[in-house]
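One-letter residues, chain by chain:
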Amino acid sequence: MVRPWPELRRETLTEFKIFHVEKVRSRNPRTGGELDFFVLDTWDWVNVIALTEAGRLVCIRQFRHGPRTDTLEIPGGAVDPGEDPLAAGLRELREETGYAAEGGRLLGAVNPNPAFHTNRCSTVLATGCRRVGELELDPGEDIEVCELEVPAFRDAIRRGEVDHALVLAAFLLAGLDPELGPLFAAG
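None of the values given here were measured: they were computed from a predicted structure.

Draft legend 1. The arrangement of the overall build of the protein in detail. Each helix and strand in the protein was counted, giving four helices and eleven strands. The principal-axis extent of the C-alpha atoms belonging to the protein is close to 60 × 40 × 30 Å. The buried share among the 187 residues of the protein stands at 35%. Counting contacts in the protein only where the partners sit at least 6 residues apart, residues at least 24 apart contribute 59% of the total.

Structure representation (structure tokens):
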């Protein structure tokens, strides 16, 4: 059985707006040796699978600074401290797309990278979505909104046009959902 590693000490090395870098000293329960690990302590995130009243998927395109290109994704963002992931998802949907949902529910959550991230990324299903206003973007955002049929989005995944790992995880969760599985199953 794998045992937890006792944490001996934690030190914040640097703080940025969206994450802190921490050095964590832990003891290996198997060998007794002490090792340093580096952890990104960050807020939880949320992704939104937003379906319009006609069953189309609300998507966004935005420039991403990591790969230095624009990406096709679903709406999402940070969960504010103390905020419920479902509420955060519906808020992010409205801010990033101008769409509001008639209903919503949590599909699940994943660890983005448990090797060194502390957060979770939840996936929210928003249904009955319709445009209700203008986008309310943060200064660091420049987003284009579009609607796609779900099969067209699956095709974009196959072509490699959608390669954001957390977006792919959101669609895995949707495909595992008993109600949504047939809509999101690979076909």
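There's more to say after this.
Draft legend 2. Broad picture of the pattern of salt bridges. If you walk through the whole model with that rule in mind, you get 19 salt bridges. A salt bridge links D177 to R105; its shortest N-O distance comes to 2.9 Å. Pair noted here: D177 is in the loop between α3 (165-176) and α4 (181-184) and R105 is in strand β9 (residues 103-110), with a separation of 72 residues, a long-range link. Relative accessible area serves as the criterion here: at 12%, D177 is assigned to the buried category. By relative accessible area, R105 is classed as partly exposed at 29%. Residues joined in a network through salt bridges with shared partners are D80, E83, R91, E92 and E95.

Draft legend 3. Fine view of the layout of surface pockets. If you add up the space inside the largest pocket, you get close to 1400 Å³. Lining the largest pocket we find 44 residues, and of these I18, W45, R64, G77 and A78 sit closest to its centre. Of the residues contributing to the lining of the largest pocket, the split by class is 19 nonpolar, 13 polar and twelve charged. Approximately 240 Å³ is the volume attributed to the second largest pocket. Lining the second largest pocket are 13 residues, and of these V24, F37, V39, P114 and A115 sit closest to its centre. Looking at the lining of the second largest pocket, the elements that each hand over two or more residues are β1 (7-15), β2 (19-27) and β3 (34-42).

Draft legend 4. Region of the structure containing α3. With twelve residues, α3 should reach 16 Å at 1.5 Å per residue; the first-to-last C-alpha distance of 17 Å fits that figure. Buried within α3 are the following residues: L166, V167, A169, A170, F171, L173 and A174.

Draft legend 5. Representation of the nonpolar core within the structure. The biggest cluster of nonpolar side chains holds 19 residues, and the ones touching the most others in it are I49, L57, I74, L107, F153, F171 and F184. The set of elements that each furnish at least two residues to this core consists of β4 (45-52), β5 (57-64), α2 (150-158) and α3. Residues V48, A50, V58 and C129 belong to the second largest nonpolar core, which totals seven residues.

Draft legend 6. Representation of the packing of aromatic side chains within the structure. With the rule as written, the count across this model stands at three aromatic pairs. When the centroid spacing of 5.5 Å and the interplanar angle of 85° are considered together, the rings of W5 and F37 count as edge-to-face. Highlighted residues: W5 in the segment before β1 and F37 in strand β3, separated in sequence by 32 residues. Assessed through its relative accessible area of 35%, F37 is described here as partly exposed. With a centroid separation of 4.8 Å and an interplanar angle of 25°, the aromatic rings of F153 and F171 are classed as stacked. Taken as a pair, F153 in helix α2 and F171 in helix α3 lie far apart in primary sequence, 18 residues in all. Both residues of the pair, F153 and F171, belong to the buried class.

Draft legend 7. Broad picture of a nonpolar patch on the surface. A cluster of nonpolar side chains, W5, L35 and F37, forms an exposed patch at the surface whose accessible area comes to about 270 Å². Within the element layout of this structure, L35 appears in strand β3.

Draft legend 8. Fine view of the side chain of N28. One can find N28 in the loop between β2 and β3. In this structure the side chain of N28 is engaged in a polar contact, spanning 3.3 Å, whose partner is the backbone nitrogen of T31.

Reading guide: rules and limits
Residues numbered from 1 in each chain as written. Predicted model: local features only at pLDDT ≥ 70, side-chain atom pairs only at ≥ 80, totals over all residues. Heavy atoms only, no water. Helix = DSSP H or I, 4+ residues; strand = E, 2+ residues; numbered from the N terminus. Buried < 20%, exposed > 50% of the residue type's maximum accessible area, 1.4 Å probe, protein only. Contact = heavy atoms within 4.5 Å. Salt bridge = Lys/Arg side-chain N within 4 Å of Asp/Glu carboxyl O. 1 Å grid on protein atoms, 1.4 Å probe; cavity = no way out; pocket = protein on both sides within 12 Å on 5 of 7 lines; lining within 4 Å. Points joined across faces, edges and corners; volume = space filled by probe spheres on them. Nonpolar A, V, L, I, M, F, W, Y, C, P; charged D, E, K, R; others polar. Expected span 1.5 Å × (residues − 1). Core = buried A, V, L, I, M, F, W, Y, C linked by side-chain atoms within 4.5 Å. Phe/Tyr/Trp six-rings, centres within 6.5 Å; stacked < 30°, edge-to-face > 60°. Patch = residues over 30% accessible without salt bridge, like charges linked within 9 Å, V, L, I, M, F, W, Y side chains within 5 Å. Areas by Shrake-Rupley, 256 points an atom, 1.4 Å probe, with all protein chains shown as cover. Polar contact = N/O pair within 3.5 Å; in protein donor to acceptor, adjacent residues only side chain to side chain.

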